[in-house]
Amino acid sequence: MTKTFKYRLEQQTAYKHSGGTMREVSVNDFPVSTAMTGVSLRLAPGTLRELHWHTNASEWGYVVSGSCRTTVLHPDGTTYIDNFNSGDVWYFPKGYGHSIQGIGTDECHIIQIMNNGTFTEKHTFSITDFIAQTPIELVAQNLGISIAEAQQLPTQESYFASGPVPDDSTLDATARSTTGLTSMHRYPLMAQDPKRVPGGGTERVASARLFPISTNMTGAIIEIQPGALREMHWHPNTDEWQYYISGTARMAVFLGKGELIEDQFEAGDVGYVPEGAGHYIYNNGTEVCRILVGFNNGQHETIDLTKWISSTPDDVLATNLEINREQVSQLPQRHWFIAPAPLQ
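Residues numbered from 1 in each chain as written. Predicted model: local features only at pLDDT ≥ 70, side-chain atom pairs only at ≥ 80, totals over all residues. Heavy atoms only, no water.

Enquirer: Talk me through the pattern of salt bridges; I want residue IDs and the actual numbers.
Expert: Throughout the structure, instances matching the rule amount to twelve salt bridges. The salt bridge partner of Arg42 is Glu10, with a shortest N-O separation of 3.6 Å. Taken as a pair, Arg42 in strand 4 (residues 37-43) and Glu10 in the loop between strand 1 (6-7) and strand 2 (15-17) lie far apart in primary sequence, 32 residues in all. The residues Arg42 and Glu10 share a single accessibility class, namely buried. A salt bridge links Arg230 to Asp304, with the nearest nitrogen and oxygen atoms 3.2 Å apart. With Arg230 in strand 18 (residues 229-234) and Asp304 in strand 25 (residues 303-304), this residue pair connects regions lying 74 residues apart in the sequence. Classification of Arg230 by relative accessible area gives buried; the value is 3%. (Salt bridge = Lys/Arg side-chain N within 4 Å of Asp/Glu carboxyl O. Helix = DSSP H or I, 4+ residues; strand = E, 2+ residues; numbered from the N terminus. Buried < 20%, exposed > 50% of the residue type's maximum accessible area, 1.4 Å probe, protein only.)

Written as structure tokens, this is what we have:
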């Protein structure tokens, strides 16, 4: 059976409850995705993805649309509360308690990438589940309430819970004494002035260099113009997880020994590339293809084909490719990154 590096995430059945929906793809559903799991999370205004933590994965999140508020508890007892809008990213270290709540007037859509292929959102550690499994008298003692009051708490995991929207018209909004663009857990990715190839596309990246807390994960937004090609390349030190936000593209993975596997991708699909495997993305549609890309390394590395070709001596290229020097002179003399569509 031929391997597949494509998974139709948004066509899967979602878990739904109290205004929230969740779809996920782990190695159990997508066997090539050994190092990362992805989650598509949607929250109605006021819907809370409850207080929980992950024992085996860090979380890197990107807000596709809408707005949300997160709370994060550090082991030293410090709590960080941030509001996120479309284009913002977050990072929560493994084991840190956190919650996510939809705010504003529209649904919030979030893509979460976890750096463990076996991770599942269906088995996180939730505060309501912990309470529900603990003897009621110990819950009462722990929280300093009566047993009667403890009996009013949830008797099973909530996962999603619906409540009021903490907007600026309410006293539930988070106070902030100064203005700011970034915080420890928040980075405004789409506010970047991107790497740009005229006629080809753009790339915005949030690595540990710019987003220091994200020590073991990097995320990027790549936009490829119609007919343009994110050139043939590979990553020496990381796997790559892709979520197609809009547009269409052909993506191929080269595995060596004469094997190249290509698939057609559209919005809502997930792609995956193992560490070191060659790959490219060709926009064969009529609109810009926007892709969220996640790497399981805080300082990911990339080698592009034109970078290699343009820095290699002419005699080496002529010998290797079995062409003459004149033909070598027609090869790229600079690094392209994204190759624009050929002129008509």
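Enquirer: Mind laying out the UniProt feature "binding site: Mn(2+) 1" (unreviewed entry) in the protein chain, listing which residues take part and the relevant values?
Expert: UniProt records the feature "binding site: Mn(2+) 1" (unreviewed entry) for His52, His54, Glu59 and His98 in the present numbering. In terms of the greatest pairwise C-alpha distance, the residues named above, spread along 47 residues, form a tight cluster of at most 12.1 Å across. In contact with His52, other than residues within four places in its own chain, are Tyr96, Gly97, His98, Glu121, Thr124, Phe125 and Ser126. At a separation of 2.6 Å, a polar atom in the side chain of His52 contacts the main-chain carbonyl oxygen of Glu50. When sequence neighbours within four positions are dropped, the list of residues in contact with Glu59 reads His54, Trp90, Tyr91, Phe92, His98, Ile100, Gln112, Ile113, Met114 and Met217. (UniProt positions renumbered as here; feature names shortened; annotations may be inferred. Contact = heavy atoms within 4.5 Å. Polar contact = N/O pair within 3.5 Å; in protein donor to acceptor, adjacent residues only side chain to side chain.)

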